[in-house]
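# Geometric and topological summary
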Amino acid sequence: MTTETLEGACTCGAIRYRLTSAPMIVHCCHCSWCQRETGSAFAVNAMIETDRLQLLQGEPIMVDTPSESGKGQQIARCAQCHVALWSHYPGGGKAVAFVRVGTLKEPWRLPPDIHIYTSTRQPWVTLPPGIPAVQEFYDIDQVWSPASLKRRAALRAARPSSNLNASREGSRPSGRRD
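Here's a quick rundown of the structure.

So, on to the nonpolar core. Considering soluble globular proteins, one finds that nonpolar side chains tend to be buried as a cluster. If you look at the biggest cluster of nonpolar residues, it comprises 19 residues, and the most contacted ones within it are Tyr 17, Leu 19, Leu 53, Trp 86, Val 99, Leu 104 and Leu 110. Elements supplying a minimum of two residues to this core: β2 (16–19), β4 (43–49), β8 (84–88) and β9 (96–100). When neighbours within four sequence positions are excluded, Val 99 is seen to be in contact with Tyr 17, Leu 19, Val 44, Asn 45, Ala 46, Ile 48, Leu 53, Leu 85 and Trp 86.

Here is the structure:
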């Protein structure tokens with residue numbers, strides 16, 4: 001994972017943004033909800049503190065979108081081309097953004113740290129060797145780097161009433177996330 005800044009944009013270029021640090025973690029999510037929302041086999045999301053997501057140009061519209069948990073999510077989209085740039089989930093609120101890696105100018109610089117919800121992955125998707133993959137979700141304390149765990153702790157301290165779960169910022173009793 002990179003520590004340099006990365007820039008991204010929507011398809012039409014009306015919105016441009018910069019990540020001012022490496023994300024806490026990059027998930028490749030194979031759940032059926034991500035498949036439906038992206039129209040693809042999976043979604044690759046870089047989880048980063050929103051204060052490390054710098055808007056360079058334009059202003060996204062926030063679209064309330066349902067989720068499996070029933071808590072929903074807000075997707076930041078370009079008002080012109082409607083490309084999804086990042087999401088906010090209830091547990092982390094606006095403090096955490098799940099940036100769509102495919103909107104980066106150099107998406108190859110943020111490969112997945114882990115593949116999640118592989119129980120619903122498309123059967124023709126081959127998971128790469130050497131990258132952790134789990135059927136559903138994972139234990140954050142066992143997967144995240146010490147530096148990312150510190151960043152998560154800082155977020156939790158700043159917002160003690162939140163439930164900053166990495167999975168999509170909101171947990172369900174079944175273990176699935178928003």
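A complete count under the given rule lists four aromatic pairs for this structure. Ring centres of Tyr 89 and Phe 98 lie 5.0 Å apart, and the angle between their planes is 80°; this geometry places the pair in the edge-to-face category. Each member of the pair, Tyr 89 together with Phe 98, is buried. Between Tyr 117 and Phe 137 the ring centres are 6.3 Å apart and the planes differ by 25°, which places this aromatic pair in the stacked class. You can see Tyr 117 sitting in the loop between β10 (114–116) and α2 (140–143) and its partner Phe 137 sitting in the loop between β10 and α2, a full 20 residues away along the chain. By relative accessible area, Tyr 117 is classed as buried at 0%. One aromatic cluster in this structure is built from Tyr 117, Phe 137 and Tyr 138. Against the face of Trp 33 rests Arg 36, its NZ or CZ located 4.9 Å from the ring centre.

This part is about the side chain of Ser 87. Counting through the fold element by element, Ser 87 comes out in strand β8. At 2.8 Å, the side chain of Ser 87 forms a polar contact with the side chain of Gln 73.

Let's shift gears to the sheet that holds β10. One open sheet accounts for seven strands, arranged β6-β7-β8-β9-β4-β3-β10; its pairing is mixed. Each edge of the open sheet is held by one strand with a lone partner, namely β6 (61–65) and β10. Adjacent strand axes in the sheet meet at a mean angle of 30°, parallel and antiparallel pairs treated alike. Pairing analysis gives five bridges linking β4 to β9, with the strands arranged antiparallel. Looking at β9, one finds that Asn 45 is bridged to Arg 100.

Below, the discussion takes up the pattern of salt bridges. For the structure shown, the criterion picks out five salt bridges. A salt bridge links Glu 7 to Lys 105; its shortest N-O distance comes to 3.5 Å. Here Glu 7, found in strand β1 (residues 6–9), pairs with Lys 105, found in the loop between β9 and β10; they are 98 residues apart in sequence, far enough to count as distant. With relative accessibility at 23%, the residue Glu 7 sits in the partly exposed group. The class for Lys 105 is exposed, based on a relative accessible area of 53%. Here Glu 49 ties to Arg 151 by a salt bridge, and the two come within 2.6 Å at their closest N and O atoms. Residue Glu 49 is found in strand β4, and its partner Arg 151 is found in helix α3 (residues 146–158); the two are separated by 102 residues along the sequence. Both residues of the pair, Glu 49 and Arg 151, belong to the buried class. Where salt bridges share partners, they join Glu 7, Arg 18 and Lys 105 into one cluster.

What follows covers the pairing of β1. Pairing of β1 with β2, which is carried by four bridges, proceeds in the antiparallel orientation. Within the sheet, the bridge partner assigned to Ala 9 lies in β2 and is Arg 16. Following β1, the chain reverses through six residues before pairing antiparallel with β2; Gly 13 in that reversal takes a positive phi of roughly 85°.

Reading the values: the criteria
- Residues numbered from 1 in each chain as written.
- Predicted model: local features only at pLDDT ≥ 70, side-chain atom pairs only at ≥ 80, totals over all residues.
- Heavy atoms only, no water.
- Core = buried A, V, L, I, M, F, W, Y, C linked by side-chain atoms within 4.5 Å.
- Buried < 20%, exposed > 50% of the residue type's maximum accessible area, 1.4 Å probe, protein only.
- Helix = DSSP H or I, 4+ residues; strand = E, 2+ residues; numbered from the N terminus.
- Contact = heavy atoms within 4.5 Å.
- Phe/Tyr/Trp six-rings, centres within 6.5 Å; stacked < 30°, edge-to-face > 60°.
- Lys NZ or Arg CZ within 6 Å of the ring centre and 35° of its normal.
- Polar contact = N/O pair within 3.5 Å; in protein donor to acceptor, adjacent residues only side chain to side chain.
- Pairing = 2+ DSSP bridges.
- Axes fitted to C-alpha atoms, helices over the stretch in contact; angles between N-to-C directions.
- Salt bridge = Lys/Arg side-chain N within 4 Å of Asp/Glu carboxyl O.

Honestly, that's just the spatial picture; any functional story needs more than this.
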